[in-house]
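Fold and geometry: a report
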Amino acid sequence: MANKILKKEQLIPGQTSKLVIDAPHIAAKAKPGNFVILRVTEHGERIPLTIADTDTENGTITIVYLVLGKSTALLEELNEGDEILDLCGPLGKATQLHTGGTVICVGGGTGIAAMHHIAKGHHQAGNHVVAIIGARTKDLLLFEKELKEFCPEVLISTDDGSYGHHGLVTDLLKERLEKDDSVIEVVAVGPVPMMAAVSKTTEPFGTPTTVSLNSIMVDGVGMCGACRVTVGGETKFACVDGPEFDGHKVDFGELRQRLAAFSSLEKESFEHHCR
Ligand code: NAD
Ligand code: FES
């Protein structure tokens with residue numbers, strides 16, 4: 001059966017789940033940084049999700065999603081053995097992997113899972129990968145064990161101080177940059193305010209910074225314009241020109257506005273679905 005869910009794990013019950021999907025054609029081609037677009041129903045919304053991991057031997061991909069609206073609630077209703085209606089990928093440009101230095105990969109909330117595949121790519125390219133991961137509280141922290149499998153350093157923060165550093169990922173990033181001048185790149189994946197704050201933190205150090213943008217997407221192949229973002233004053237399409245861009249050039253204010261454009265409709269449709 002195509003796109004069959006082989007494994008489902010609720011990472012944070014009722015909020016975040018991980019699916020291992022049988023998708024040999026995608027697994028064979030997917031590179032760190034790529035994403036997929038999936039649909040659960042014929043007339044449903046298309047959900048873009050960064051690939052969290054691949055297993056080429058078993059022909060599977062791993063995705064992690066936050067139940068945020070009606071479409072992700074419908075995805076959450078699927079179980080092991082069920083089939084995902086459409087799964088398109090790998091999409092987007094792969095992460096540009098440089099070698100020979102320290103790469104700091106910063107992940108916030110659900111973004112940690114997406115960051116995992118990118119961090120793995122930097123590790124496989126021969127870099128010393130430092131992971132900095134943060135969540136609001138200890139129970140919401142994802143992929144700590146998975147990152148520890150290949151990252152020699154995993155630094156943790158929680159907003160409430162329940163685990164690791166009491167504060168934000170950017171506190172740990174600033175500290176790390178102050179004591180290490182071998183950092184060749186910082187990568188950030190997570191909520192838009194976090195990616196903006198990471199880019200602001202690295203600017204005085206002059207450290208190249210890459211962010212993975214989670215724009216609203218429809219077709220995912222550069223035709224509809226839904227995912228447009230402004231980078232260095234130019235319009236780019238996150239699906240084909242990205243999703244990774246130079247964080248020092250991204251117009252985060254505009255991205256935040258565009259992401260918020262449908263939030264009331266999304267909330268309404270989710271509440272209607274839950275009734
Ligand atoms: P969250 O709001 O709980 O934030 C997680 C962590 O990010 C915080 O603990 C903190 O350390 C850091 N952070 C947040 N705001 C910050 C700020 N202003 N300054 C510095 N650090 C800050 O995260 P969440 O609720 O789990 O949300 C996850 C978000 O990640 C969603 O908005 C989702 O769309 C996004 N996401 C993005 C991608 C991607 O590919 N870009 C992938 C998955 C998820
Ligand atoms: Fe349509 Fe990018 S999603 S152009």
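Please refer to the structure higher up on the page.
So, here is what we can say about the structure in this document. Because the structure is a prediction, the values reported are computed rather than measured.

**Focus on the pattern of salt bridges**
Tallied over the full model, the rule gives ten salt bridges. Between Glu 144 and Lys 148 there is a salt bridge, with the nearest N and O atoms lying 2.7 Å from each other. On the criterion of helical spacing, the pair formed by Glu 144 and Lys 148 is a turn pair, its members being four residues apart in helix α4 (residues 144-148). On the basis of relative accessible area, Glu 144 is assigned to the buried category, the value being 18%.

**Thoughts on the site of ligand 1**
The immediate surroundings of ligand 1 are formed by 22 residues, with Ala 135, Arg 136, Asp 159, Ser 212 and Asn 214 found nearest. In the environment of ligand 1, an oxygen atom lies 3.3 Å from a nitrogen or oxygen atom belonging to the backbone of Thr 110. Within the backbone of Ser 212, a nitrogen or oxygen atom sits 2.5 Å from a nitrogen atom of ligand 1. For ligand 1, the protein covers 78% of the area, taking 850 Å² as the surface of the free molecule. Among the elements of the structure, α3 (111-124), β9 (128-135), α5 (169-178) and α6 (192-202) are those that each provide at least two residues to the shell around ligand 1. Counting residues per element, the shell around ligand 1 draws most heavily on α6, at three residues. Class assignment for the residues of the shell around ligand 1 results in nine nonpolar, eleven polar and two charged.

**Comments concerning the nonpolar core**
Membership of the largest hydrophobic core comes to 31 residues, with the highest contact counts inside it found for Ile 104, Val 106 and Leu 213. Of all the elements, α6 adds the most residues to this core, at five residues. If you count residues domain by domain, this core takes at least three from each of domain 1 (5-91) and domain 2 (98-202). Setting aside anything within four residues of it in sequence, one finds Val 106 in contact with Met 115, Ile 132, Val 169, Leu 173, Val 186, Val 187, Ala 188, Val 189, Met 194 and Val 198.

What counts, and where the lines are drawn
- Residues numbered from 1 in each chain as written.
- Chains lettered and ligands numbered in written order.
- Predicted model: local features only at pLDDT ≥ 70, side-chain atom pairs only at ≥ 80, totals over all residues.
- Heavy atoms only, no water.
- Salt bridge = Lys/Arg side-chain N within 4 Å of Asp/Glu carboxyl O.
- Helix = DSSP H or I, 4+ residues; strand = E, 2+ residues; numbered from the N terminus.
- Buried < 20%, exposed > 50% of the residue type's maximum accessible area, 1.4 Å probe, protein only.
- Near = heavy atom within 4 Å.
- Polar contact = N/O pair within 3.5 Å; in protein donor to acceptor, adjacent residues only side chain to side chain.
- Areas by Shrake-Rupley, 256 points an atom, 1.4 Å probe, with all protein chains shown as cover.
- Nonpolar A, V, L, I, M, F, W, Y, C, P; charged D, E, K, R; others polar.
- Core = buried A, V, L, I, M, F, W, Y, C linked by side-chain atoms within 4.5 Å.
- Domains from an automatic or database assignment.
- Contact = heavy atoms within 4.5 Å.

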